[in-house]
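Residues per chain, in single letters:
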Amino acid sequence: MVILPNRGATSSHHGPDPPLGVQPGNSTYLDDHGPPPSKVLPFPSQVVYNRVGKCGSRTVVLLLRILSEKHGFNLVTSDIHNKTRLTKNEQMELIKNISTAEQPYLFTRHVHFLNFSSGNETRVYVRARFGGDQPVYINIIRDPVNRFLSNYFFRRFGDWRGEQNHMIRTPSMRQEERYLDINECILENYPECSNPRLFYIIPYFCGQHPRCREPGEWALERAKLNVNENFLLVGILEELEDVLLLLERFLPHYFKGVLGIYKNPVSLAEHRKLGNMTVTVRKTVPSPEAVQTLYQRMRYEYEFYHHVREQFHLLKRKFGLKSHVGKPPPRPQFFIPTPLDTEEPINDEEQDDEKWLEDIYKR
């Protein structure tokens, strides 16, 4: 439990306690009762959801709006939706804004990972000026090809909120580009369907370093390391209900009752209506040849996705969640098949659940 120091309340009274019936304004809470209790914060009290585009984030943000009102935490959102890569000055400014938000807070924005505790001038500045520490990160990803296809058609045709929605989002897109066949885009190697544009998910976890935007082992391994060291949970959209269950378990002050809200047709009626309207329209399925080409180009994205998926299933097994999803499709040929770590039974006597959570928070 984190206790926020009470810096603002001090007493200037030094003599004996004033008699009962003193004039209003001359007696304070401090005089009558001593210092007010410090504000007790949940632990962790700083959470960042640097949400990946087209991975269910709008549904989760809708849930967070309801939960913030119900549980009284500070939901901090951003009006910036299309700037994930930041200059050093922009990183400093965003870290300052996050660090000075009223706690407990959950900050959410489409932005690549920011390291609050890196050994550079940013860390010195934040700690000296704002007392900022590395917040707890959470995120959700999905199958990379499905994410790409959803984004491809969303940019062109929007969603059920309005047929003209896509015109607002991409007003400068030429008609021939808007109606470009997905198979032609992939097989003819158009920029939108090639690297580095396809290298999308990993930078959200790798960070702001320029090499994080270059498809390769360096960015992949750095993203895995950050997931292990800085993210409390990275779930997969294909198993969203289990993601919500684990979030409720790990962060109850923020997510208590989230699954009931998500599944309740009454309390979430209007939000569900909006959620249904955000489904991308006019999606078509590429040919098998085009899909296989995407697999090859998204090799590192899939290595990362399967790493996250295996870690997520390990957590599910550890906390007794049984998966109800179907058997996943086989990995593309360029993956070397390896058994899932979660196939072996877990020895619960070695480490209980609460001890495991304590170790996560100490990272």
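In this report, the structure presented in the accompanying data block is examined. In this text, all values refer to a predicted model and were calculated from it rather than measured experimentally. One numbering rule holds for all chains: residues counted from 1, following each sequence as written. Per-residue local features are limited, in this predicted model, to residues with pLDDT of at least 70; the limit for side-chain atom pairs, both in listing and counting, is 80 or more; totals at the level of whole chains, interfaces and linings are taken over all residues. Neither water nor hydrogens contribute to the side-chain values; these are computed over all heavy atoms in the structure.

**Here's the deal with the nonpolar core**
Nonpolar side chains in soluble globular proteins generally cluster together in the buried interior.
In step 1: Within this scheme, the nonpolar core is defined by two criteria: the residues are buried Ala, Val, Leu, Ile, Met, Phe, Trp, Tyr or Cys, and they are joined through side-chain atoms within 4.5 Å. With a 1.4 Å probe rolled over the protein chains alone, any residue whose accessible area is under 20% of its type maximum counts as buried; one over 50% counts as exposed, and the rest are partly exposed. L106, I141, F148, F205, L251, F255 and F304 are the most contacted members of the largest nonpolar core, which totals 83 residues.
In step 2: Contact criterion: two residues are considered in contact whenever any of their non-hydrogen atoms come within 4.5 Å of each other. When neighbours within four sequence positions are excluded, F205 is seen to be in contact with V52, F113, N139, I141, R222, A223, N226, V227, F231, V234 and F304.

**Section: empty space enclosed by the protein**
In step 1: Here a cavity denotes a set of grid points, spaced 1 Å apart and computed over the protein atoms alone, in which a 1.4 Å probe fits but from which it cannot get out, and a pocket denotes an open set meeting protein on both sides within 12 Å along at least five of seven lines; residues with an atom within 4 Å of a point are reported as lining. Grid points are joined across faces, edges and corners, and a volume is the space filled by probe spheres set on the points. Overall, the coordinates contain 1 cavity of 30 Å³ or more when judged by the stated rule.
In step 2: The volume enclosed by the largest cavity comes to roughly 60 Å³.
In step 3: The wall of the largest cavity is formed by Y49, V60, L64, I138, N139, I140, L233, V243, L247 and F255.
In step 4: Starting at the N terminus, helices and strands are each numbered in turn, a helix being any DSSP run of H or I of at least four residues and a strand any DSSP run of E of at least two. Elements with a minimum of two residues in the lining of the largest cavity: α2 (57–71), β6 (136–141) and α11 (240–250).
In step 5: Of all the elements, β6 adds the most residues to the lining of the largest cavity, at 3 residues.
In step 6: For the lining of the largest cavity, a count of residues per class yields 9 nonpolar, 1 polar and no charged. Residues are sorted three ways: Asp, Glu, Lys and Arg are charged, Ala, Val, Leu, Ile, Met, Phe, Trp, Tyr, Cys and Pro are nonpolar, and all the rest, Gly among them, are polar.

**Regarding the sheet that holds strand β5 (residues 105–108)**
In step 1: With parallel pairing, 5 strands are arranged side by side in an open sheet as β4-β5-β3-β6-β7. Bordering the open sheet on either side are β4 (74–76) and β7 (231–236), each of which pairs with just one other strand. Across the sheet, the mean angle separating the axes of adjacent strands is 15 degrees when strand polarity is ignored.
In step 2: Simply put, an axis is a line fit to the C-alpha atoms, just over the touching stretch for a helix, and the angle between two N-to-C directions goes from 0 to 180 degrees. Docked against the sheet, helix α10 (residues 217–230) engages β6 and β7, running at close to 120 degrees with respect to β7.
In step 3: Running over the sheet, α11 touches β6 and β7 and is turned about 165 degrees from β7. Paired strands are those between which DSSP finds at least two bridges.

**Re the packing of aromatic side chains**
In step 1: Any Phe, Tyr or Trp ring, taking Trp's six-membered ring, that has another such ring centre within 6.5 Å forms a pair; planes under 30 degrees apart are called stacked, those over 60 apart edge-to-face, and the others tilted. In this structure the tally under the stated criterion is 13 aromatic pairs.
In step 2: An angle of 40 degrees between the planes, with centres 5.9 Å apart, marks the rings of F113 and F231 as tilted. Remark: F231 occurs in strand β7 and F113 occurs in the loop between β5 and α4 (121–130); sequence separation between them is 118 residues.
In step 3: Taking relative accessible area as the criterion, F113 reaches 3% and is therefore assigned buried.
In step 4: Assessed through its relative accessible area of 5%, F231 is described here as buried.
In step 5: A ring pair is formed by F157 and Y179, whose centres lie 5.5 Å apart and whose planes are at 55 degrees; its orientation type is tilted. Placement of F157 in helix α5 (residues 144–157) and of Y179 in the loop between α7 (175–178) and α8 (182–187) is noted, with a sequence separation of 22 residues between them.
In step 6: Above the plane of the ring of F154 lies K54, whose end atom (NZ or CZ) is 4.1 Å from the centre.
In step 7: When the NZ atom of lysine or the CZ atom of arginine is within 6 Å of a ring's centre and also within 35 degrees of its normal, the charge is said to sit over that ring. The ring of Y152 carries the charged tip of R156 above its face, separated from the ring centre by 3.7 Å.

Fair warning: the whole summary comes from geometry, so function is off the table for now.
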